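Tertiary structure, described
Chain by chain, the residues:
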Amino acid sequence: MKLTKEQVQHIARLARLKLTTEEEERYAGQLTEILNYVEVLKELDTKGVPETSQVTGLSNVTREDEARGVLATADELLGCSGLPKVNHQIRIKRIL
Amino acid sequence: MDLNWLSIAEAHLGLKEKKFSSEDLVDACLAQIKKGEYLNNFLTVTEDLARARAREVDAKIAGGKEIGTLEGIPAGIKDLFNTKGVRTTCASKMLENFVPPYESTATRLLKEAGMVLLGKTNLDEFACGASTENSAFGPSLNPWNKEFVAGGSSGGSASAVAAGQSFFSLGTDTGGSIRQPASLCGCVGMKVTYGRVSRFGVTAMASSWDTVGPLARTVEDIALLMNTIAGPDPYDSTTPLVEVPDYAANLAKGVKGLRIGVPKEYFAEGVEDEVRESVMAAVKEYEKLGAIVKEVSLPMTKYGVAVYYVTMPTELSTNLARFDGVRFGHQAEGVEDLTEYYKTSRGEGFGSEIKRRIMVGTFVSSAGYADAYYKHAQRVRTLIIQDFAAVFKEVDVLMAPVSPTPAFKVGEKANNPLAMYLADALTIPPSAAGVPALSLPCGFTSSGLPVGLQIIGPMWSESLILQTAAAYEQVSGLWEKRPIIGG
């Protein structure tokens, strides 16, 4: 398979990444190379083999719904953003 | 005495016997960091904090109080671990000025045990790479020869430990990021069983693969660190309630009767002769020590890298979606539309390998491709797990090279992503299966670069791996070899 520049632009749009024209061209080639390499997996018939997404078999780990100690205050977390704050909220850019 | 070259165990004894102070240890490390500044192992040095903390420990010792094994021992930590109040960059322009408001569990445990934080060590950006050349702040170099890479992604950690700048370090290993740099720099590095050490407060890369583990100069030191950091954490739901043994308890027990498997696929084409010979010489030594060696087969080995480069980028692209320039990280200037703001902040903040992986991950998990790529790879991952399960019915541990080659030259693979990915060909399969593995120095090439032996065990067998490693370390005496820094 060979990725076109249009496909690269589509993927970049999905990933919310602004790429330069030079990057689009470079990634088209490199992504093609990587995708061709992983084609090796097609040698294997995996019909009936379960998918592994977690190796220790844990699932749905829950705990009692009670408050724990505070690791960082809301204001400390807000302080990580350089955007303007209004009423303890981050003011973001225009949506519409 | 070169204080900075002591093992943790030796330094602890010296502190207790008041032969030197914790501040002396800090001074020795800081002097070595300065001497080896060209190695570029530290992104941040917290000199004042380290001195203040060391003095507290020294006051405690002067007051006649007992101290713990790690108390007063200086260390630099991979800059992927959140350290409250200390800049944490992930070696990315995205987080160049990020100061986390909370502490990772692993560093909290070390600090509570008395570690003196020296600073934060270099890595490939967001732990993506095998050479630290992807760091936004320049590569870390190999302490044995500065023309060669330190390996990665925990390259700053491995180089700092091997160069006598830090008594130990914490790294992360997703597909080889602790073992490979430990092998290339000549120190000990442990990739733990998936879930053995909490990842809370460590920036995520590929969540079903990521592990946290220690790097140090001796096997005993690794055991002491494991005793501090291993175990379930209520803040990380992937840490199972599996008993934590005393990892230092069996170090002197030897390997008599131990069944060692040598997987033939790990010595195949692409593995350099000197690496193969060095590893096999170590295996021979184990035979002399009473172990039983047999050849085994892990036929799925050749699919490891492909499974990794489908599933890891998928998870990575999801995890790194949180970097949108809003809550933290790089902020684009002069963009008014929100979507454009996201795109520009990310486009400017991420380096080229990160963007490449986000693109791969986004593609293989996108509509129409997810079944053919992502789900298929997850099924092959199951086959890799079955491979290891079958072989561990026949043998207790596996021995193999860590890396197919010793350290390569800076720049050699920088423009060839696929060649760089293959550097992890022998460390990825154990990661896919979630099993623990350790890199142990086992020799040097004719040009003086270290070679590492990989010891792989079944799930939760860290104790047996450490026992096995300690037996060879004792006869090889390799940990006493030191690179010449500076000069």
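Some details on the overall build of chain B
In terms of helices and strands, chain B carries 15 helices and 13 strands. A compact globule built from 487 residues would reach a C-alpha radius of gyration of about 23 Å, and chain B, at 21 Å, matches this within 12%. Seen through its principal axes, chain B has C-alpha atoms that stretch 65 × 55 × 45 Å. By residue count, 62% of the 487 residues in chain B fall in the buried class. Long-range contacts, defined here as pairs at least 24 residues apart, represent 77% of the contacts in chain B between residues at least 6 apart.

What to know about the overall build of chain A
A count of helical and extended segments in chain A gives 3 helices and 2 strands. N-terminal to C-terminal, the α/β element order of chain A is α-α-α-β-β. At 22 Å, chain A has a C-alpha radius of gyration far larger than the 12 Å of a compact globule built from 96 residues. Along the three orthogonal principal directions, the C-alpha set of chain A runs to about 55 × 45 × 25 Å. Buried positions account for 17% of the 96 residues belonging to chain A.

Here's the deal with the pairing of strand 6 (residues 168-173) of chain B
All names here are of chain B. Burial runs high along strand 6: 6 of the 6 residues are buried. Neither face of strand 6 is left uncovered, since the one carrying Phe168, Leu170 and Thr172 and the one carrying Ser169, Gly171 and Asp173 both have all their residues buried. Across 6 bridges, the pairing between strand 6 and strand 8 (residues 211-216) is antiparallel. Bridging across to strand 8, phenylalanine 168 finds its partner in alanine 216.

Re the packing of helix 1 (residues 5-14) of chain A against helix 2 (residues 21-38) of chain A
How two helices pack is summed up by the angle between their axes together with the distance between the axes. Residue and element names in this part refer to chain A. Across the interface, helix 1 lies against helix 2 with an axial gap of 9 Å and an inter-helix angle of 100°. Comparing their axes, helix 2 and helix 1 come out roughly perpendicular. Two secondary-structure elements touch here, helix 1 through Lys5, Val8 and Gln9 and helix 2 through Glu24, Glu25, Tyr27, Ala28 and Leu31. In the contact of helix 1 with helix 2, the residues fall into 4 nonpolar, 1 polar and 3 charged.

Let's talk about helix 5 (residues 155-162) of chain B
Burial of helix 5 of chain B is extensive: 8 of the 8 residues sit out of reach of the surface. Among the residues of helix 5 of chain B, Gly155, Gly156, Ser157, Ala158, Ser159, Ala160, Val161 and Ala162 of chain B are the ones counted as buried.

Some thoughts on the interface of chain B and chain A
Facing 52 residues of chain B, the contacting portion of chain A comprises 44 residues. At the level of elements, helix 9 (304-319), helix 10 (338-349), helix 11 (352-364), helix 12 (371-391) and helix 13 (417-421) of chain B are the ones that each hand at least two residues to the side of chain B that touches chain A. With 10 residues, helix 12 of chain B is the single largest residue contributor to the side of chain B that touches chain A. Partitioning the side of chain B that touches chain A into residue classes produces 28 nonpolar, 14 polar and 10 charged.

Some remarks on the sheet that holds strand 2 (residues 74-78) of chain B
Residues and elements named next belong to chain B. Ordered in space as 1-3-2, the 3 strands form an open sheet in which the pairing is mixed. Bordering the open sheet on either side are strand 1 (42-45) and strand 2, each of which pairs with just one other strand. Sheet twist, expressed as the mean angle between neighbouring strand axes with direction ignored, is 35°. Relative to strand 3 (residues 116-121), strand 1 runs antiparallel, the two sharing 3 bridges. The partner of valine 45 across the bridge, within strand 3, is glycine 119.

Structural notes on unusual backbone geometry
Cis geometry is adopted by the peptide bond preceding serine 153 of chain B, which originates at glycine 152 of chain B and carries an omega value of 10°. With phi around 50°, arginine 16 of chain A is a residue other than glycine that occupies positive phi space. Within the element layout of this structure, arginine 16 of chain A appears in the loop between helix 1 and helix 2.

Points about the sheet that holds strand 9 (residues 259-263) of chain B
Residue and element names in this part refer to chain B. Across the sheet, which stays open at both edges, the 8 strands sit in the order 6-8-7-12-13-11-9-10 with mixed pairing between neighbours. One side of each edge strand has no neighbouring strand; the edge strands of this open sheet are strand 6 and strand 10 (292-296). Sheet twist, expressed as the mean angle between neighbouring strand axes with direction ignored, is 30°. Pairing of strand 9 with strand 10 involves 5 bridges; the strand directions are parallel. Following the sheet pairing, isoleucine 260 is matched in strand 10 by valine 293. Sheet strands in contact with helix 15 (residues 462-476) are strand 11 (397-401), strand 12 (437-444) and strand 13 (450-456), and its direction is about 10° off that of strand 12.

Comments concerning the environment of serine 446 of chain B
Residues and elements named next belong to chain B. Residue position: serine 446 is located in the loop between strand 12 and strand 13. By C-beta crowding, serine 446 is classed as exposed, having 6 other C-beta atoms within 10 Å. Taking the C-alpha atoms as reference, serine 446 lies 38 Å from glutamate 47; in sequence the two are 399 residues apart.

Regarding the confidence of the model for chain B
On average, chain B scores 97 in pLDDT, and the residues at 70 or more come to 100%. For this predicted complex, the interface confidence reaches an ipTM of 0.96, while the overall pTM sits at 0.98.

Some remarks on the nonpolar core
Counting 163 residues, the largest nonpolar core has Tyr309 and Ile455 of chain B as the members making the most contacts within it. Isoleucine 455 of chain B has contacts with Val397, Met399, Ala437, Leu438, Leu440, Ile465, Thr468 and Ala469 of chain B, leaving out every residue within four places of it along the chain.

A word on helix 12 of chain B
Residue and element names in this part refer to chain B. The end-to-end C-alpha distance of helix 12, which contains 21 residues, comes to 29 Å, matching closely the 30 Å that a straight helix rising 1.5 Å per residue would cover. Looking at helix 12, one finds that the buried residues are Tyr373, Tyr374, His376, Ala377, Gln378, Val380, Arg381, Ile384, Asp387 and Phe388. For helix 12, the secondary structure elements touched by its buried residues are helix 9, helix 11 and helix 14 (428-433).

Basis of the calculations
- Residues numbered from 1 in each chain as written.
- Chains lettered and ligands numbered in written order.
- Predicted model: local features only at pLDDT ≥ 70, side-chain atom pairs only at ≥ 80, totals over all residues.
- Helix = DSSP H or I, 4+ residues; strand = E, 2+ residues; numbered from the N terminus.
- Rg over C-alpha atoms; globule rule 2.2 N^0.38 Å.
- Buried ≥ 20, exposed ≤ 12 C-beta atoms within 10 Å, placed from the backbone.
- Contact = placed C-beta atoms within 7 Å.
- Pairing = 2+ DSSP bridges.
- Axes fitted to C-alpha atoms, helices over the stretch in contact; angles between N-to-C directions.
- Parallel < 35°, antiparallel > 145°, perpendicular 65-115°, else oblique.
- Nonpolar A, V, L, I, M, F, W, Y, C, P; charged D, E, K, R; others polar.
- pLDDT = per-residue confidence, 0-100.
- Core = buried A, V, L, I, M, F, W, Y, C linked by C-beta atoms within 7 Å.
- Expected span 1.5 Å × (residues − 1).

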